[in-house]
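Structure assessment
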Amino acid sequence: MNLIFFYFCAVFKMTMKIEKSRFTKKNIHNSANMKKFTVISVYNNRQLLQNCLNSSVESQVDVDVELKYVDNSDGRYPNAKVAFESVIDNCMGKYIVFSHQDIRFMEDDELHNIFDRLEKIGDFGIVGVAGVNGRDIISNIYHGVTPSKVSDYNITEETLCETVDECLFIIKNEAKYIDIFKNLICDSWHMYAVEFCLRCRQLSEKVYVIPANIYHVSPGSSYDESYYTQLKKIAKKYKGSFDRINCTMGYWHTGTLRLWNQIRNRRRKDIRNGTLKH
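The next thing to look at is the pattern of salt bridges. Counted by the stated rule, this structure contains twelve salt bridges. Among the ionic pairs, Glu-195 bridges to Lys-237, the shortest N-O distance being 3.6 Å. One end of the pair, Glu-195, is in helix α6 (residues 192-202); the other, Lys-237, is in helix α7 (residues 226-238), with 42 residues separating them in the sequence. One connected set of salt bridges, linked through shared partners, spans Arg-117, Lys-120 and Glu-158.

Next comes the structure, spelled out in structure tokens:
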């Protein structure tokens, strides 16, 4: 498995010494027309970060990117919200990209193209690269050590959806959206993007998934008991607004009894399949 992964990654150039926060500019002779992102990633595997997210961001052209890497290799941060909040107030980009450490941009102009899409959309609360409508996962990205497509649906333009996945999502670097993030109840490593989407929808903010040429090393199918704990908390908070929470990890009722039955049945299945960590 490792040989397959490193063979896949070997075609990309590894550059740059990783720092917690760094500002990088490409084509600075034309910086007045550049686009701006801050890419934030919480990592617990420095080599994986280097091989995937960092090297592919460094290869991006026609875009200036601020990198903020949050080192959680020692487990100092108890959850994603706390980790991201350690740097979110100091972001300099127009848009903030929240990314897993094992994401790769597969084209050198991918961030440039994403920026153009965001500018075209204009009115949005959150944008992701994998999303859900009803029971349909919508995404163009590939995942897994042996890459396979996340979804059977192929999109060519921005598409409204209910929720987006945590693997990579984008918000505007504006006080309104930073405050939404800071006021999430999510206190684990799961569902923080899903909750952000629910809050946006309560505020009549649009949620989009966009086409993106991205590879996610993780297959996204392995998680632990804290997922269900988080799910019950979010369902309780938002059940007044939503009958269901549809996301890439499941399609859940917000009513207490139906949700608990769903969790019980899913837990048994996951334990049999070995996808639920203890």
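Attention shifts here to the environment of Val-39. Considering the arrangement of structural elements, one finds Val-39 in strand β2 (residues 36-43). Sequence-wise, Val-39 and Lys-68 are 29 residues apart; in three dimensions their C-alpha atoms are separated by 6.1 Å. Beyond its immediate sequence surroundings of up to four residues, Val-39 is in contact with Leu-53, Val-65, Glu-66, Leu-67, Lys-68, Val-97 and Ser-99.

What follows is about the sheet that holds strand β10 (residues 148-149). If you trace the four strands from one edge of the open sheet to the other, you get β5-β15-β9-β10, paired in mixed fashion. The sheet is open, and its two edges are formed by β5 (103-105) and β10, each paired on a single side. When strand β9 (residues 142-143) meets β10, the two strands line up antiparallel, connected through two bridges. Counted as the bridge partner of Tyr-142 is Lys-149 from β10.

Once that is clear, we can look at the pairing of strand β18 (residues 250-253). Of the two faces of β18, the one carrying Gly-250 and Trp-252 and the one carrying Tyr-251 and His-253 are both buried. Judged from the four bridges that link them, strand β17 (residues 244-247) and β18 form a sheet pairing that is antiparallel. Among the inter-strand pairings, Arg-244 is bridged to a residue of β18, identified as His-253. Between β17 and β18, which pair antiparallel and follow one another directly, the connecting turn spans two residues.

Close contact between helix α5 (residues 175-182) and α6 brings their axes to 10 Å; oriented N to C, the two are set at 125 degrees. Taken together, α5 and α6 sit at an angle that is classed as oblique. Crossing geometry of α5 relative to α6 is assigned as right-handed. Every residue of α6 that contacts α5 at Tyr-177, Ile-180 and Phe-181 is listed here: Phe-196, Arg-199 and Cys-200. Considering only residue class, the contact of α5 with α6 consists of five nonpolar, no polar and one charged.

Here is what the cut-offs are and how they apply
Every chain's residues receive numbers from 1 upward, in the order its sequence appears when written. This being a predicted model, a pLDDT of at least 70 is required before a residue's local features are given, and a value of 80 or more before pairs of side-chain atoms are given or counted; all residues contribute to the totals for chains, interfaces and linings. Note that the side-chain values use all heavy atoms of the structure and ignore hydrogens as well as water. One speaks of a salt bridge when a side-chain nitrogen belonging to Lys or Arg is within 4 Å of a carboxyl oxygen belonging to Asp or Glu. Working definition: helices are DSSP H or I runs of at least four residues, strands are E runs of at least two. Numbering for both runs from the N terminus. The contact criterion used is simple: two residues touch if any of their non-hydrogen atoms lie within 4.5 Å. If DSSP finds at least two bridges between two strands, the strands pair. Only protein chains enter the calculation, and the probe is 1.4 Å; a residue is then buried if its accessible area is under 20% of its type maximum, exposed if over 50%, and partly exposed in between. Fitted lines through C-alpha atoms serve as axes, helices being fitted only where they are in contact, and the angles separating the N-to-C directions of these axes extend from 0 to 180 degrees. Throughout this description, any angle smaller than 35 degrees is read as roughly parallel, any larger than 145 degrees as roughly antiparallel, any in the 65 to 115 degree range as roughly perpendicular, and the remainder as oblique. Note on convention: near helix rotated counterclockwise from far helix by under a right angle means a left-handed crossing. Clockwise means right-handed. The classification used treats Ala, Val, Leu, Ile, Met, Phe, Trp, Tyr, Cys and Pro as nonpolar, Asp, Glu, Lys and Arg as charged, and all other residues, Gly among them, as polar.

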